[in-house]
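# Geometric and topological summary
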Amino acid sequence: MPAAPLPPDELARLSVLDDLHLLDTPSEPVFDRVTRLACRLLDVPMALFSLVDADRQWFKSRVGLDAEETPREYAFCAHAIGMSTPLVVNDALLDARFSDNPLVNGPPNIRFYAGVPIRTSAGLAIGTLCALDTRPRVLTEDEAQVLGDLAAILTKEVHYRERIGVARDHLQRSTEVLGASEARFRTIFEIASIGIALVAPDGGWISVNKALCDIVGYTEDELWGRTFQQITHPDDVGADVGLLQSMGRGEIDEYQLEKRYIRKDGAAVWINLNVSPKRDAAGAVEYYVTVVKDIDAQKRAQQEIAALNAGLERRVDERTAELQQAAERQRMAEQELRVREAELRSVIENANDAYISLDEAGAITAWNRQAEETFGWSRAEALGQMLEELIIPLEYRERHRDGMQRFLSTGVARAVDQRLELPALRRDGTGLTVEVRIRALDINGRTMFSAFLHDITDRKQEQAQREYESRHDVLTGLLNRRALQESVPLAQARASRNGKTVGMLFIDLDGFKAVNDSQGHEAGDILLGVIAERLRAGVRKTDSVYRLAGDEFTVLLEDMADTFDDAHTVAEKLIASISEPVELPGRAVRVRASIGIALDAASQGRPAEELLKEADQYMYRAKKAGRGRVCSAKYPC
Ligand SMILES: Nc1nc2c(ncn2[C@@H]2O[C@H](COP(=O)(O)OP(=O)(O)OP(=O)(O)O)[C@@H](O)[C@H]2O)c(=O)[nH]1
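Scoring rules and cut-offs
Residues numbered from 1 in each chain as written. Predicted model: local features only at pLDDT ≥ 70, side-chain atom pairs only at ≥ 80, totals over all residues. Heavy atoms only, no water. Helix = DSSP H or I, 4+ residues; strand = E, 2+ residues; numbered from the N terminus. Buried < 20%, exposed > 50% of the residue type's maximum accessible area, 1.4 Å probe, protein only. Contact = heavy atoms within 4.5 Å. Areas by Shrake-Rupley, 256 points an atom, 1.4 Å probe, with all protein chains shown as cover. Salt bridge = Lys/Arg side-chain N within 4 Å of Asp/Glu carboxyl O. Pairing = 2+ DSSP bridges. Axes fitted to C-alpha atoms, helices over the stretch in contact; angles between N-to-C directions. pLDDT = per-residue confidence, 0-100. Near = heavy atom within 4 Å. Polar contact = N/O pair within 3.5 Å; in protein donor to acceptor, adjacent residues only side chain to side chain. Nonpolar A, V, L, I, M, F, W, Y, C, P; charged D, E, K, R; others polar. Core = buried A, V, L, I, M, F, W, Y, C linked by side-chain atoms within 4.5 Å. Disulfide = S-S within 2.5 Å. Parallel < 35°, antiparallel > 145°, perpendicular 65-115°, else oblique. Phe/Tyr/Trp six-rings, centres within 6.5 Å; stacked < 30°, edge-to-face > 60°. Lys NZ or Arg CZ within 6 Å of the ring centre and 35° of its normal. Expected span 1.5 Å × (residues − 1). Arc of directions from axis to C-beta.

### Structural notes on the overall build of the protein chain
Secondary structure assignment for the protein chain yields 19 helices and 23 strands. Counting only residues that meet the buried cut, the protein chain has 41% of its 637 residues in that class. A separation of at least 24 residues holds for 54% of the contacts in the protein chain among residues at least 6 apart in sequence. For the protein chain, the accessible surface area stands at approximately 34,300 Å², while carbon and sulfur atoms represent 52% of it.

Structure representation (structure tokens):
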């Protein structure tokens, strides 16, 4: 008995057979009606809706047969499904394929078989509708037609079952997916770390998860009695409701918003809100799915950062402004400094004083125009030279060096910050006196000396002249009365040291007026000059001669023994000298003199005026006594 060959699409065929869920299922009227009709219309005792499984044939519907299934190897249908046309076996005993088939040779003793394959919508033959008889017979054309029509009914039902199966599979998968999705949603809803809620269109809370409760500080029960508007910060309600209304009108599909809830404890908490609608089949919003993320820490951090940034920027702005102001002040100061420097240079350059500056070593670093004029060295020649070699007299150079060194090591020196009069040298070697003011400056840790020097040579000479004139008689060049008053105490001091005596001669010419009157005043002047010279010549160098006024003279005798006799001797000698003829223009004249003497005996230190008065009195006595003589306390005339 040759086995039926397996169809080329056997695996797909078995798979679709399995998917149809017909195998091993209870009988169904829709199939049984067809097999019953087949029996009646074809007048056969057996009709089957046979399904060819992997190793059996199973009868979904059977008429006239007790067995539910038979092995595939015996199955006529196994042959029929491999054919493109119905399989008709008129007498199985005569067909080599079935003649030894147990179903032919034994119950149900099949002799006749007519089977039409039942194919799926994809053309896969899952089984047959077959009519069987225990007698050989021939299938007429009409019978074949009827069998084909009945098979078409089964085929249609199978196709219908296919669609049902596909739909069921889809449904099952959808259900599974939905179930999984629902489970996932539930899980996420409950354990999510972000808040999730279902919110009614009026804003009431339908369902909230724990995370949302934690964010707002209300329990689920407490939230049910409230709307989202009630726990939203008043400033943020408008934006949220506005967006919700836009979404309700279908203008937007979903929205995100950063806003604040007011927690149960009254504190505001920043959240990020994501709202999307759940619509019914008609498109109306059933509820809103709201996802709430707590961004309070993030927001506060942002605010703190913003505040910090604002503070930082403000400080940067302030600092920048300060720096700009400082820079402006510095620019102004530098400008001022430049102006002042220019002024200073101009002042120094045009100063009437010589300006010289020195470095620590004493080398010249500045030398103005007046310095050039005063000392004769040009600026180019002077700069870099040692000051001492240029203008300081040889004998003062060591003092200058010592002074600088002392100042550098101790900060003190006689010459610094003083107004001094010092000798100096010009380029031509001539000397001059300069008034010097020296300043020491600390410039970046190094000492710089600057000095103004003024040539006071003329002034000194004028001063000397004034001093001379104040102590001398202009006409004769002798010392005057003032000089006498200054000289007496000094002479007394010297005499006291030496154990000597000071004597004073008061000399008044005799007959001078007559010369004046006869020869004229100029002649009188000449006479006075000659007499003065004779008096000077007539005394020792240590003695001094004074003209008091008119024809009155005084001689201060120093280094004398304490006797009137010595003074008389000098006085007599002077009278003799005075009495010598004096050559005047025109003719010679002769005058004499009367002299009074006073002694500061035993170095008493008598005042000059007192001595003068006494000498004057004795001179007066000499006049009275006849002129041309000497009188004193010892020789009163
Ligand atoms: N030429 C001249 N005459 C002077 C100067 N000072 C005073 N006399 C005059 O000197 C005279 C001094 O007078 P007296 O002392 O009386 O002259 P005397 O003729 O010497 O008289 P006795 O002193 O009394 O002996 C006056 O005529 C003054 O005018 C002077 O500087 N030059």
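### A look at the pattern of salt bridges
Two side chains bearing opposite charge may form a pair once their charged atoms approach each other closely. Under the defined criterion, the tally for this structure stands at 50 salt bridges. With a closest N to O distance of 3.8 Å, Arg 340 and Glu 343 form a salt bridge. Taken together, the residues Arg 340 and Glu 343, both in helix H9 (residues 296-350) and three residues apart, mark about one turn of the helix. For Glu 343, a relative accessible area of 44% puts it in the partly exposed group. A salt bridge links Glu 373 to Arg 369, with the nearest nitrogen and oxygen atoms 3.4 Å apart. Of this pair, Glu 373 and Arg 369 both sit in helix H10 (residues 369-375), four residues apart, which is roughly one turn of the helix.

### Details of the sheet that holds strand E7 (residues 195-199)
With respect to topology, five strands assemble into an open sheet ordered E8-E7-E11-E10-E9, the strand pairing being antiparallel. For this open sheet the edge positions go to strand E8 (205-208) and strand E9 (255-262), each flanked by a neighbour on one side alone. Across this sheet, the average inter-strand angle for adjacent strands is 30 degrees, counted without regard to direction. When E9 meets strand E10 (residues 268-279), the two strands line up antiparallel, connected through eight bridges.

### A short note on the confidence of the model for the protein chain
Chain-level statistics for the protein chain give a pLDDT mean of 91 and a share of 97% at 70 or above. This complex was scored by the predictor with a pTM of 0.46 and an ipTM of 0.92.

### Side note on unusual backbone geometry
Of the consecutive residues Pro 107 and Pro 108, the connecting peptide bond is found in the cis state with omega at 10 degrees. Looking at where Pro 108 falls in the secondary structure, it is placed in the loop between helix H4 (102-105) and strand E5 (112-119). The backbone phi angle of Asp 24 is positive, close to 55 degrees, even though this residue is not glycine. Mapped onto the elements of the fold, Asp 24 is located in the loop between helix H1 (10-19) and helix H2 (29-42).

### Things to note about the site of the ligand
Taken together, 17 residues form the shell around the ligand, and within it Lys 513, Asn 516, Asp 525, Arg 547 and Lys 623 come nearest. The backbone of Gly 511 places a nitrogen or oxygen atom 3.1 Å from an oxygen atom of the ligand. In this structure, Lys 513 approaches the ligand through a main-chain N or O atom, which is 2.8 Å from an oxygen atom. If the ligand stood free it would expose 640 Å²; the protein chains cover 69% of that surface. Listing elements by their share of the shell around the ligand, those giving two or more residues are strand E17 (501-510), helix H16 (512-519) and helix H17 (521-538). With four residues, H17 is the single largest residue contributor to the shell around the ligand. Class assignment of the residues belonging to the shell around the ligand gives a composition of four nonpolar, five polar and eight charged.

### What about the nonpolar core?
Ranked by size, the top nonpolar core spans 33 residues in total, and within it Leu 505, Ile 507, Leu 527, Ile 531, Phe 553 and Ile 595 carry the most contacts. For this core, the elements supplying multiple residues, two or more each, are E17, H16, H17, strand E19 (552-560), helix H18 (564-579) and strand E22 (592-600). If near-sequence neighbours (up to four positions away) are discounted, Ile 507 is found in contact with Leu 535, Asp 551, Glu 552, Phe 553, Val 555, Leu 574, Ile 578, Ala 593, Ser 594 and Ile 595. Residues Phe 31, Cys 39, Leu 51 and Ile 126 belong to the second largest nonpolar core, which totals 29 residues.

### Comments concerning the sheet that holds strand E14 (residues 419-425)
Taken in spatial order, the five strands make up an open sheet running E13-E12-E16-E15-E14, and their pairing is antiparallel. Looking at which strands have only one partner, the edges of the open sheet turn out to be strand E13 (364-367) and E14. With strand direction ignored, the average angle separating the axes of adjacent strands in the sheet is 30 degrees. Looking at chain direction, strand E12 (residues 354-358) and strand E16 (residues 446-455) are connected through five bridges and run antiparallel. In the sheet register, Ala 354 faces E16, and the bridge partner there is Leu 453.

### Concerning the state of the cysteines
On inspection of all chains with the given rule, the structure shows one disulfide. You can see Cys 77 has no disulfide; the closest cysteine sulfur is in Cys 130, sitting 3.8 Å from it. Its relative accessible area of 2% is what places Cys 77 among the buried residues. By relative accessible area, which is 0% here, Cys 130 ends up buried.

### A few points about the environment of Arg 401
Within the element layout of this structure, Arg 401 appears in helix H13 (residues 394-410). Put simply, Arg 401 and Gly 362 are 39 residues apart on the chain and 8.1 Å apart in space, counted from C-alpha to C-alpha.

### Some thoughts on the packing of helix H15 (residues 481-498) against helix H19 (residues 608-624)
Where H15 meets H19, the closest approach of the two axes is 9 Å, and the angle between their N-to-C directions is 110 degrees. Viewed along their axes, H15 and H19 adopt a mutual orientation that is roughly perpendicular. For the pair H15 and H19, the contacting residues are Arg 481, Leu 484, Gln 485, Val 488 and Gln 492 in the first and Ala 608, Glu 609, Leu 611 and Leu 612 in the second. Class assignment of the residues belonging to the contact of H15 with H19 gives a composition of five nonpolar, two polar and two charged.

### So, the environment of Arg 414
For Arg 414, the location among the structural elements is in the loop between H13 and E14. Sequence separation between Arg 414 and Gly 403 is 11 residues, and the spatial gap between their C-alpha atoms is 7.1 Å. Residues in contact with Arg 414, not counting those within four places in the same chain, are Arg 399, Arg 406 and Leu 420.

### A closer look at the packing of aromatic side chains
The final tally for this structure, using the stated rule, is seven aromatic pairs. Judged by centre distance (6.4 Å) and plane angle (65 degrees), the rings of Trp 205 and Tyr 261 are edge-to-face. Placement of the pair is Trp 205 in strand E8 and Tyr 261 in strand E9, with a sequence separation of 56 residues. In this structure, Trp 205 and Tyr 261 share a single accessibility class: buried. Arranged with centres 5.8 Å apart and planes meeting at 45 degrees, the rings of Trp 367 and Phe 375 form a pair that is tilted. Taken individually, Trp 367 and Phe 375 each receive the classification buried, so the pair is uniform in this respect. An aromatic cluster is built from Phe 76, Phe 98 and Tyr 113, whose rings are joined through pairwise contacts. Sitting above the plane of the Phe 112 ring, Arg 137 keeps its charged end 5.4 Å from the centroid. Lying over the aromatic face of Trp 270, Lys 299 brings its terminal NZ or CZ to 4.5 Å of the ring centre.

### Considerations on H13
Taking 1.5 Å as the rise per residue, H13 with 17 residues should run 24 Å; its terminal C-alpha atoms sit 25 Å apart, in good agreement. Within the sequence span of H13, burial applies to Arg 397, His 400, Gly 403, Met 404 and Phe 407. Relative to the axis of H13, the buried residues are bounded by an arc of 130 degrees and lie together on one face. What points out from H13, more than 90 degrees from its buried face, is the exposed set Glu 395, Glu 398, Ser 409 and Thr 410. Immediately downstream of H13, the backbone of Gly 411 shows phi near 80 degrees, a positive value.

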